[in-house]
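Structural characterization, general
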Amino acid sequence: LKLVAHRTVGAAIAGMLSADGRCKTLDARANGYVRAEGVGACVLAYKSACGEMAACDMSILSGCAVRQDGRSASLTAPNGSAQRKLLLGALERAGLSVPEGVCAEVHGTGTAVGDPTEAGARGAVHGRGDRASPLAVGAAKASVGHSEAASGQVGLLKVQRLLEDERAVGNAEL
C-alpha cells in the first residue's frame, strides 16, 4: 500500500529506489527500482452455456516453480544458484530439457548487482545444450515499475500479450 510512507522511506534509506524515478532493469545505468501499484487477472477456463468447456485461443502454462533464494548478499541481490534451480525446476515440470522459447520475462531488480545475477542464471540455463538460440529478455518493471505483490501477475500478462501478438521484445521496444 503506497498510502503509508514508511515502506517507501525505508526503501529509499536502503538505497533501493531509483534516484531519477526510472527503473532501468537489465541496463548498465540501473540504479534501483520504482514502486508502483498493480493488479492483474487471468481467466484460465470457462464453461459455455451448455456446460462444456468453451474453446479459446490461449497460451497454456505448462510448467512453473516457486523457490526462496535462501542466503543472498542483500534484498536486491538474488542468489544465482537458487535462480538456476528455480528455472530448471520449471523446465522439468513443463517436460522440457532446454528452453525452447525466444523470449523470457524476468523479475529484474533494477540494480547493478541483482540484474547481472539474474541474467547470468537465465543465460546459464538457456545456453545449455546444442539447441541454444538468441533470447529476447525483458522485464515489465522497466515499463510500469515494481508493482510489488502483483509483479508476477503483471509479468505473466505481459508474456501472454507477447504470445498473442506473436513477437518477442526486450525492454527497449516496450
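Per chain, residue numbering runs from 1 following the sequence as it is written. Only residues with pLDDT of at least 70 are given local features in this predicted model, and only at 80 or more are side-chain atom pairs given and counted; all residues enter the totals for whole chains, interfaces and linings. Working from all heavy atoms in the structure, the side-chain values ignore hydrogens and water.

Helices and strands together make up the secondary structure of the protein, namely five helices and two strands. A run of H or I in DSSP becomes a helix once it reaches four residues, and a run of E becomes a strand once it reaches two; helices and strands are each numbered from the N terminus. For the protein, the α and β elements follow one another from N to C terminus as α-α-β-α-β-α-α. Scored against the burial criterion, the 174 residues of the protein give a buried share of 30%. Contacts between residues were defined by any pair of non-hydrogen atoms, one from each residue, lying within 4.5 Å. The long-range fraction of contacts in the protein, counting pairs at least 24 apart against all pairs at least 6 apart in sequence, stands at 65%. Counting every atom, the protein has about 10,800 Å² of accessible surface; 57% of that belongs to carbon and sulfur. The buried label goes to any residue with under 20% of its type's maximum accessible area, the exposed label to any with over 50%, and the partly exposed label to all in between, with areas taken from a 1.4 Å probe on protein chains only. Accessible areas in this description were obtained via Shrake-Rupley with a 1.4 Å probe; residue shielding takes into account the shown protein chains only.

Along the chain, Lys 141 falls in helix α4 (residues 141-144). Buried charged residue Lys 141 carries no salt bridge. Nearest counter-charge: Asp 115, at 6.5 Å. Throughout this description, a polar contact denotes any pair of N or O atoms lying within 3.5 Å of each other; where both atoms belong to protein, one of them has to be capable of donating a hydrogen while the other can accept it, and for residues adjacent in sequence the pair is counted only when both atoms sit in side chains. A distance of 3.4 Å separates the side chain of Lys 141 from the side chain of His 107, its partner in a polar contact. Residues counted as positive are Lys and Arg, residues counted as negative are Asp and Glu, and His and the chain ends are not counted. By definition here, a salt bridge exists when the distance from a side-chain nitrogen of Lys or Arg to a carboxyl oxygen of Asp or Glu is within 4 Å.

Here we come to the environment of Val 34. Here Val 34 lies in the loop between α1 (5-13) and α2 (80-94). Excluding its chain neighbours within four sequence positions, the residues that come into contact with Val 34 are Ser 18, Gly 21, Arg 22, Cys 23, Gly 145 and His 146.

Moving on to the pattern of salt bridges. Counted under the stated rule, the structure contains five salt bridges. With its nearest N and O atoms 2.8 Å apart, the salt bridge here joins Asp 20 to Lys 24. Overall, Lys 24 belongs to the buried group, its relative accessible area being 11%. Measuring nitrogen to oxygen at the nearest pair gives 2.5 Å for the salt bridge that ties Arg 35 to Glu 148. Residue Arg 35 is located in the loop between α1 and α2, and its partner Glu 148 is located in the loop between α4 and α5 (151-165); the two are separated by 113 residues in the primary sequence.

Below, the discussion takes up unusual backbone geometry. Positive phi, close to 60°, is recorded for Leu 26, a residue that is not glycine. Along the chain, Leu 26 falls in the loop between α1 and α2. Phi at Glu 148 takes a positive value of approximately 45°, unusual for a residue other than glycine.

When the terminal C-alpha atoms of α2 are compared, their 21 Å separation across 15 residues agrees well with the 21 Å that a helix rising 1.5 Å per residue should span. Among all positions in α2, only Gly 80, Ala 82, Gln 83, Leu 87 and Leu 91 are buried. Where α2 is buried, its residues contact α3 (114-126). Taking the backbone nitrogen of Ser 81 as reference, a side-chain oxygen 3.0 Å away marks Asn 79 as the first, capping residue of α2. Between the first and last residue of a helix there are one fewer steps than residues, each counted as 1.5 Å, and that sum is the expected span.

Right, let's talk about the layout of surface pockets for a bit. Definitions used for this entry: grid spacing 1 Å over protein atoms alone; cavity, a set of points where a 1.4 Å probe fits but cannot get out; pocket, an open set with protein on both sides within 12 Å along at least 5 of 7 lines; lining residue, one with an atom within 4 Å of a point. Grid points are joined across faces, edges and corners, and a volume is the space filled by probe spheres set on the points. Taken as a whole, the second largest pocket holds about 180 Å³ of empty space. Surrounding the second largest pocket, eleven residues form its lining, Arg 22, Cys 23, Lys 24, Ala 142 and Asn 171 being those nearest its centre. Per-class residue counts for the lining of the second largest pocket are four nonpolar, three polar and four charged. As a working rule, the residues Ala, Val, Leu, Ile, Met, Phe, Trp, Tyr, Cys and Pro are called nonpolar, Asp, Glu, Lys and Arg charged, and the rest polar, with Gly in that last group.

As a further point, take the packing of α2 against α3. With axes taken as lines fitted to C-alpha atoms, and helix axes fitted only over the stretch in contact, angles between N-to-C directions fall between 0 and 180 degrees. At their nearest, the axes of α2 and α3 sit 9 Å apart, and the two run at 40° to each other. The orientation of α2 with respect to α3, classified from their angle, is oblique. Judged by the twist between their axes, the crossing of α2 over α3 is right-handed. Note on element contacts: α3 touches α2 through Thr 117, Glu 118, Ala 121, Arg 122, Ala 124 and Val 125, opposite Gly 80, Gln 83, Arg 84, Leu 87, Leu 88 and Leu 91. Partitioning the contact of α2 with α3 into residue classes produces six nonpolar, three polar and three charged. Just so you know how the angles are binned, under 35 degrees is roughly parallel, over 145 roughly antiparallel, 65 to 115 roughly perpendicular, and the rest oblique. Crossings are assigned a handedness: left-handed for a near helix turned anticlockwise from the far helix by less than a right angle, right-handed for a clockwise turn.

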